[in-house]
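# Coordinate inspection notes
Listed below, chain by chain, are the residues.
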Amino acid sequence: MGSLQQHPMFKKLRKLVRPQPLEPLPAIPAGQRVYAVGDVHGRSDLFDALIAAIEADDAERAAAQTTIILLGDLIDRGPDSAGVIASARTLAARRPLRALCGNHEEMFLQSFEDIEVLRAFLRYGGRETILSYPIDILAWNAATMAEAQAMMRWTIPEDDLEFICTFEDMIVIGEYLFVHAGIAPGVPLAEQRTSDLRWMREPFLSDDGDHDYVIVHGHTISEQPQVRSNRIGIDTGAYLHGRLTALGLDGEERWQLTASDKDGRIVCRRQAI
């Protein structure tokens, strides 16, 4: 037996079957904790329930410097964009909150000045956003495009617009990069185009290369979070599937919190990723 163990082929086989050390997972700096929230799209009921679940989850854990990151697309398509913005502003007043500008916030802000952007905005859920503010629906339906734009300017609070104007394009915390949509693979972060950060799908989604960070993003809907070695997508279709997801990060630990609409009853649950 001793001579067999010294045989070069035996040594090679033993090396092959020996457990290899696991690569460490990307990490958030010690003492910090992050909750990243996917695309809300006007579902204030899911948003409020998920924020309550986040705060309860955070309170159960060891004390940390906790930041909530909203990945963008708070508005459009769902019924209560105004309520989502109001809740986000209230949350920002009481605890650290950072938000990314999604493509829907981009169209919303531009539609106040550009009639053609307003036309596109209305086709992609903007009508629901505008009518979540106190605008008379009969007057809105009868309005020309210029009159509709004027109604927006009169009705939507300046404070809401100023809040949305503070939204960022990218956020780096530890070994994670948070963007709304994605990045252009192979392009340095300093050279990324704003349009890609807010609108990108391919080739980002299919790319399996190393981006130097794990990219946490929304924008592209999937029924469950998409967890890849180089990206984590958490747009689980709040307006489409009735499911809003947050990704929790603490050191190397990852978990998800989900608020789901079960026939009009909001249910929250936590699970490991």
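For the structure itself, look to the data block above.
Below, the structure is looked at part by part. (Residues numbered from 1 in each chain as written. Predicted model: local features only at pLDDT ≥ 70, side-chain atom pairs only at ≥ 80, totals over all residues. Heavy atoms only, no water.)

Time to look at the overall build of the protein chain. Assigned secondary structure in the protein chain consists of 11 helices and 11 strands. Expressed along its principal axes, the backbone C-alpha trace of the protein chain runs to roughly 95 × 40 × 35 Å. For the protein chain, the proportion of contacts with a sequence separation of at least 24, taken over those separated by at least 6, is 63%. If you sum the accessible surface of the protein chain, you get close to 13,400 Å²; carbon and sulfur atoms cover 52% of it. In the protein chain, 28 side chains carry a positive charge and 40 a negative one; their mean positions are 10 Å apart. (Helix = DSSP H or I, 4+ residues; strand = E, 2+ residues; numbered from the N terminus. Contact = heavy atoms within 4.5 Å. Areas by Shrake-Rupley, 256 points an atom, 1.4 Å probe, with all protein chains shown as cover. Lys, Arg positive; Asp, Glu negative; His and termini not counted. Charge placed at Lys NZ, Arg CZ, Asp CG, Glu CD.)

Our focus in this paragraph is the nonpolar core. In this structure, Val 37, Ile 54, Leu 70 and Phe 108 are the most contacted members of the largest nonpolar core, which totals 45 residues. With 6 residues, the top contributor of residues to this core is helix H3 (residues 44–60). In contact with Phe 108, not counting residues within four places along its chain, are Ile 75, Phe 121, Thr 129, Met 152, Ile 156, Leu 161 and Ile 164. Membership of the second largest hydrophobic core comes to 16 residues, among which are Ile 69, Leu 71, Leu 247 and Leu 249. (Core = buried A, V, L, I, M, F, W, Y, C linked by side-chain atoms within 4.5 Å. Buried < 20%, exposed > 50% of the residue type's maximum accessible area, 1.4 Å probe, protein only.)

Taken together, the 6 strands give an open sheet; going across it, the order is S3-S2-S1-S9-S10-S11, and neighbouring strands pair in mixed fashion. Of all the strands in the sheet, the pair left with one neighbour each is strand S3 (97–99) and strand S11 (265–272). For this sheet, the mean inter-axis angle between neighbouring strands, taken without regard to orientation, is 20°. Seen against the sheet, H3 touches strand S1 (32–37), strand S2 (65–70), strand S9 (243–250), strand S10 (253–262) and S11 and runs at an angle of roughly 145° to S10. (Pairing = 2+ DSSP bridges. Axes fitted to C-alpha atoms, helices over the stretch in contact; angles between N-to-C directions.)

A complete count under the given rule lists 5 aromatic pairs for this structure. Here the aromatic rings of Tyr 35 and Trp 255 are separated by 5.9 Å at their centres, their planes lie at 85°, and the arrangement is edge-to-face. Within this pair, whereas Tyr 35 is found in strand S1, its partner Trp 255 is found in strand S10, the two being separated by 220 residues in sequence. Assessed through its relative accessible area of 2%, Trp 255 is described here as buried. An aromatic cluster is defined as three or more aromatic residues linked by ring pairs; in this entry it consists of Phe 108, Phe 112 and Phe 121. Here Arg 61 stacks its cationic end above the ring of Trp 255, 3.6 Å away from the centre of that ring. (Phe/Tyr/Trp six-rings, centres within 6.5 Å; stacked < 30°, edge-to-face > 60°. Lys NZ or Arg CZ within 6 Å of the ring centre and 35° of its normal.)

The next thing to look at is the pairing of S1. Buried residues dominate S1, accounting for 5 of its 6 residues. Relative to S2, S1 runs parallel, the two being bridged by 6 bridges. Looking across to S2, one finds that Val 37 is bridged to Leu 70. Examined bridge by bridge, S1 and S9 share 4 bridges and lie antiparallel to one another. Bridge pairing in S9 places Val 37 opposite Ala 246.

Structurally, Gly 126 can be placed in helix H6 (residues 115–131). Taking the C-alpha atoms as reference, Gly 126 lies 8.0 Å from Ile 75; in sequence the two are 51 residues apart. Leaving out residues up to four positions away in the same chain, Gly 126 has contacts with Asp 76 and Phe 121.

Glancing now at the side chain of Gln 256. Residue placement: Gln 256 occurs in strand S10. Within polar-contact distance, the side chain of Gln 256 engages the side chain of Thr 258 at 3.2 Å. Sequence-distant contacts of Gln 256, that is, excluding residues within four places in its chain, are made with Gln 224, Pro 225, Thr 245, Ala 246, Arg 269, Arg 270, Gln 271 and Ile 273. (Polar contact = N/O pair within 3.5 Å; in protein donor to acceptor, adjacent residues only side chain to side chain.)

Time to look at the environment of Glu 106. Relative to the helices and strands, Glu 106 resides in helix H5 (residues 103–111). Judged by relative accessible area, which is 15%, Glu 106 ranks as buried. For Glu 106 and Glu 128, which are 22 residues apart along the polypeptide, the C-alpha to C-alpha distance reads 16 Å. Setting aside chain neighbours within four positions, we find Glu 106 in contact with Cys 101, Arg 198 and Trp 199.

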